[in-house]
Amino acid sequence: MLACQPVIAETLFGHHPLTAQARDAFVNDLIKKMTLDEKIGQLRLISVGPDNPKQAIREMIKKGQVGAIFNTVTRPDIREMQDQVMQLSRLKIPLFFAYDVIHGQRTVFPITLGLASSWDLDAVSTVGRISAYEAADDGLNMTWAPMVDITRDPRWGRVSEGFGEDTYLTSQMGRAMVLAMQGRSPAERYNVMTSVKHFAAYGAVEGGRDYNSVDMSLQRLFQDYLPGYKAALDAGSGGVMVALNSLNGVPATADSWLLKDVLRSSWGFKGITISDHGAIKELMQHGVASDPRDAVRIAITSGVNMSMSDEYYSNYLPGLVKSGAVSEMEIDDAVRHVLNVKYEMGLFNDPDSHLGPKGSDPINTNAESRLHRPQARDVARKSLVLLKNRLETLPLKKSGTIAVIGPLADSKRDIMGSWSAAGVAGQSITVLQGIRNAVGDKAVVRFQKGANVTDNNGIQAFLNLYEHAVSVDPRPAEKMIDDALAIAEKSDVIVAVVGESQGMAHEASSRSDITLPPSQRRLLDALKTTGKPLVMVLMNGRPLALVKEDEQADAILETWFSGTEGGNAIADVLFGDYNPSGKLPMSFPRSVGQIPIYYNHLQTGRPYDFQHPNKYTSHYYDAANGPLYPFGYGLSYTRFTLSEVRLSSKNLARNGSINASVTVTNSGKRDGATVIQLYLHDQTASVSRPVKELKGFKRIFLKAGESQTVTFPIAINALKFWNAHMQYVAEPGKFDVMIGLDSARTKNSVFTLL
Ligand code: NOJ
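Residues numbered from 1 in each chain as written. Predicted model: local features only at pLDDT ≥ 70, side-chain atom pairs only at ≥ 80, totals over all residues. Heavy atoms only, no water.

- By the naming in an unreviewed UniProt entry, the protein is Periplasmic beta-glucosidase, taken from Izhakiella capsodis.
- Heading Sequence similarities (unreviewed entry) of the UniProt record for the protein holds this comment: "Belongs to the glycosyl hydrolase 3 family."
- Recorded under Catalytic activity (unreviewed entry), the UniProt text for the protein is reproduced unchanged: "Hydrolysis of terminal, non-reducing beta-D-glucosyl residues with release of beta-D-glucose." (UniProt positions renumbered as here; feature names shortened; annotations may be inferred.)

So this is what it looks like as structure tokens:
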């Protein structure tokens, strides 16, 4: 066997043109040389960690039992493993290396929900480009992103990882992210391949409880939940991560309809499908597989090419093939997808393509010079959403005394958010630091923590389960509040930085209560008694129920988890060096009882009209109807006004297009950006249609006093929907056109589809 090594090495590596034809010829040839065990080895993706120490991985590499690695993030570590492949394995098939680069690798950008709040595709491209650059510079080839799960339930902790509740916004942003990360080709030195996730409909887990099941109509699935994945795939995403949930009773990992009929046959996907962490094993827990062997048979025949973090494929596929329960063709098909993506990553041209020459590794992986701070600050500023600004409390003056209070005000870890990849907490700028940087010696800044994020011991322990993420201040709660009041009373304004610690909005962090924890509520109540202007800076990874806070605060700035430069960006907005322009990508409910609440809900037979309330209409009698802050909402320090909607024609021919325009005027005193949003509504159709659906948006910048006409072309594709027979159609009739600065307040017109 050893004798053939040089020959194989020669034939494997060389200049392989990155064309589908050359790839197919190469991969077919390679598969012919592989033993069954080597093929099965390629289907295994393992995480480096306590379960798989380096020595064990070395042995696996030697035996050709591993195809890819994740959770290794430095060039020396990656190089070591790739070298082992070249030195020890028979076929020398390079590994690929993957990681959760969701909102940055070393430079941490705002969490995805924050990025979505920018409604700025250029900002998404910046995040995608820099994340890919830094990831590739660390030797990585693939990222588990973008996450395009539509979600209408803020109880789900993973809303922080996605682009929010809307299909159109998510699709646009997912697409931009893929294009930015993969560039012209993932083989290029500073690009990475994306793996869009979690296919499919993970964001609709019942009750917002993570890993729960999903049950929904095919119409809703195709209309609202699938387009995000499709958009990422049409943009060329090389990978798909399969969801952990079941959909209409079938776990995605066992769903050949989803993974073969929809993904491959109907959509023409040619890349690789990868199970989520341990999902193949979980088929037994789902109750669709009787034992491990059964789970493996089901997963591979359903179309799961590569298994993440379980040894089941390696352990059971050989026997399954031997017994004829799984054909070798099925294995070849899965292996072909793995080898194809390795080919597309350029690994057969150069297994070290993302490593660069030996000796070029950074001396300090965490070096400050490796960060992209100006871009992080710019994107973070665009992600901030001004929710309230009574009597122009904001912007603040850079003078007097400012009391900065709150458990999140000086937390370097929290501001980075969850899934902060290889970001280093020590390098992030907190809100306190940002404020100090902004005012220099022009104002006095005093800080008190005021409260712990939570006083609940159980939740504290939960948050510190895998990393020491939350430090608990030992002072009694009353003492912390008194200390905070002491500085608040002597100040001109209070900036209260409250919300969630990053671990509260994460995988496996679902909440049944989305209000601020009681420790922070008590702090706010106490601060309110001082009568000082109260500016609330919110840090959180999901919409929160903020009825009380909305009453108490003079101004509220939603900052999500804004990343490495978050503190500076927040200070830019607080002091008016940047005029806020972010818009909510998710509705903010008044209470958990209103969930699910989303702007594009279907019409009902008895709609509630708040101007003419009627008992027998669709509403809750014990609460105000509608969200506290609607989808698309966000204020500015200036005022934008919109003209009536002008249509180029009142009729749209089926093969034609019409333009809807508004003139936007900055009628305030400051320059600023805003987002003009286009919504459509099908008045009468064969099925009930949503009251409105986002179909276009444009971010514009206007100097004070300036006007601009914004025009949206409307063609038949924007009017199509899945009817009761699962046909994708546009039905003739009247459509409302609504254009506004948010989803609730719009200027309207009507046209007819002929
Ligand atoms: C499980 C998560 O569901 C998924 O999003 C992530 O990419 C993998 N673990 C790998 O970390």
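## Details of the overall build of the protein
- Within the protein, the regular secondary structure consists of 22 helices and 27 strands.
- A globule of 754 residues ought to have a C-alpha radius of gyration of about 27 Å, and the protein, at 27 Å, matches this closely.
- If you line up the protein on its principal axes, its C-alpha atoms span 80 × 65 × 50 Å.
- By the burial criterion, 60% of the 754 residues in the protein qualify as buried.
- In the protein, 78% of the contacts between residues at least 6 apart in sequence involve partners at least 24 apart.
- Total accessible area computed for the protein in this model is approximately 28000 Å², and 51% of it derives from carbon and sulfur atoms.
- Charge-centre separation for the protein: the mean point of 80 positive side chains lies 4 Å from the mean point of 79 negative side chains. (Helix = DSSP H or I, 4+ residues; strand = E, 2+ residues; numbered from the N terminus. Rg over C-alpha atoms; globule rule 2.2 N^0.38 Å. Buried < 20%, exposed > 50% of the residue type's maximum accessible area, 1.4 Å probe, protein only. Contact = heavy atoms within 4.5 Å. Areas by Shrake-Rupley, 256 points an atom, 1.4 Å probe, with all protein chains shown as cover. Lys, Arg positive; Asp, Glu negative; His and termini not counted. Charge placed at Lys NZ, Arg CZ, Asp CG, Glu CD.)

## Examining the pattern of salt bridges
- What the rule picks out here adds up to 48 salt bridges.
- The shortest N-O distance in the salt bridge between Arg699 and Asp120 comes to 3.3 Å. Taken as a pair, Arg699 in strand S22 (residues 693-702) and Asp120 in the loop between helix H6 (112-117) and helix H7 (121-137) lie far apart in primary sequence, 579 residues in all.
- A relative accessible area of 22% places Arg699 in the partly exposed class.
- Ionic pairing is found between Glu161 and Arg158, a salt bridge with its closest N-O pair at 2.6 Å. (Salt bridge = Lys/Arg side-chain N within 4 Å of Asp/Glu carboxyl O.)

## As for the sheet that holds S22
- Read from one edge to the other, the open sheet built from 5 strands follows the order S19-S27-S26-S21-S22, with strand pairing classed as mixed. Two strands bound the open sheet, and with one partner strand each, they are strand S19 (651-652) and S22.
- Bridge count for S19 against strand S27 (residues 746-753) is 2 bridges, and the pairing is parallel. The residue bridging Leu652 from the neighbouring strand is Leu753, located in S27. (Pairing = 2+ DSSP bridges.)

## Examining the domain arrangement of the protein
- Domain boundaries in the protein define domain 1 (1-93 + 348-353), domain 2 (98-344), domain 3 (374-578) and domain 4 (640-753).
- With centres defined by C-alpha atoms, the gap from domain 1 to domain 2 works out at 23 Å.
- Taken together, the contacts link 35 residues of domain 1 with 39 residues of domain 2.
- Together domain 1 and domain 2 conceal approximately 3200 Å² of surface at their shared face, both sides included; 61% is due to carbon and sulfur atoms.
- A per-residue breakdown of the area domain 1 buries against domain 2 is headed by Arg23, Leu43 and Leu45, which together make up 22% of the total. (Domains from an automatic or database assignment. Buried area = accessible area lost by both parts, 1.4 Å probe.)

## A closer look at the site of the ligand
- All residues in the neighbourhood of the ligand are listed as Phe70, Asp100, Trp144, Arg158, Lys197, His198, Met241, Asp276, His277, Met308, Trp419 and Glu507.
- Here the ligand has 300 Å² of accessible area as a free molecule, and 95% of this is covered by the chains. (Near = heavy atom within 4 Å.)

## Comments concerning helix H15 (residues 328-344)
- Here H15 spans 24 Å end to end across 17 residues, near enough to the 24 Å set by a 1.5 Å rise per residue.
- Within H15, burial applies to Ile331, Asp332, Ala334, Val335, His337, Val338, Leu339, Asn340, Val341, Lys342 and Tyr343.
- Among the residues trailing H15, Gly346 stands out with phi positive, at a value near 80°. (Expected span 1.5 Å × (residues − 1).)

## Some thoughts on the UniProt feature "domain: Fibronectin type III-like" (unreviewed entry) in the protein
- In the numbering used here, UniProt assigns the feature "domain: Fibronectin type III-like" (unreviewed entry) to residues 674-743.
- Taken as a whole, residues 674-743 contains 0% helix and 57% strand, while its terminal C-alpha atoms sit 14 Å from one another.

## Regarding the sheet that holds strand S1 (residues 44-47)
- Within the open sheet, the 8 strands sit side by side as S9-S6-S5-S4-S3-S2-S1-S10. Their pairing is parallel. Every other strand in the sheet has two partners, leaving strand S9 (272-274) and strand S10 (307-308) as the edge strands with one partner each.
- Sheet topology places strand S2 (residues 68-70) next to strand S3 (residues 96-99); 3 bridges connect them, and they run parallel. Paired with Ile69 across the bridge in S3 is Phe97.

## What about unusual backbone geometry?
- Following Ala145, the chain continues into Pro146 via a peptide bond in cis, with omega recorded as -5°.
- Positive phi, close to 50°, is recorded for Leu391, a residue that is not glycine.
- For Leu391, the position within the fold is in the loop between strand S11 (385-389) and strand S12 (401-405).
- One non-glycine residue, Trp560, adopts positive backbone phi at about 55°.
- Positionally, Trp560 belongs in the loop between strand S16 (555-558) and helix H22 (566-574).

## With respect to the pairing of strand S15 (residues 534-539)
- For S15, a buried count of 6 out of 6 residues is recorded, marking the element as mostly surrounded by other parts of the structure.
- Alternating residues of S15 divide into Leu534, Met536 and Leu538 and Val535, Val537 and Met539, and every residue in both groups is buried.
- In this view, the connection linking S15 to its parallel neighbour S16 by way of helix H21 (residues 547-552) has right-handed handedness. (Right-handed = clockwise from strand over helix to strand, strands pointing away.)

## Here's the deal with empty space enclosed by the protein
- The tally for this structure, following the rule as stated, stands at 2 cavities of 30 Å³ or more.
- For the largest cavity, the calculated volume is near 70 Å³.
- Forming the walls of the largest cavity are Leu680, His681, Asp682, Arg689, Pro690, Glu693, Lys695, Ala718, Leu719, Lys720 and Phe735.
- Contributing elements (two or more residues each) for the lining of the largest cavity: strand S21 (672-682) and S22.
- Here the residues of the lining of the largest cavity are counted per class, giving 5 nonpolar, 1 polar and 5 charged.
- Put simply, the second largest cavity is a space of about 40 Å³.
- Taken together, Ile102, Thr112, Ala145, Pro146, Met147, Glu161, Phe163 and Met177 make up the full set of residues lining the second largest cavity. (1 Å grid on protein atoms, 1.4 Å probe; cavity = no way out; pocket = protein on both sides within 12 Å on 5 of 7 lines; lining within 4 Å. Points joined across faces, edges and corners; volume = space filled by probe spheres on them. Nonpolar A, V, L, I, M, F, W, Y, C, P; charged D, E, K, R; others polar.)

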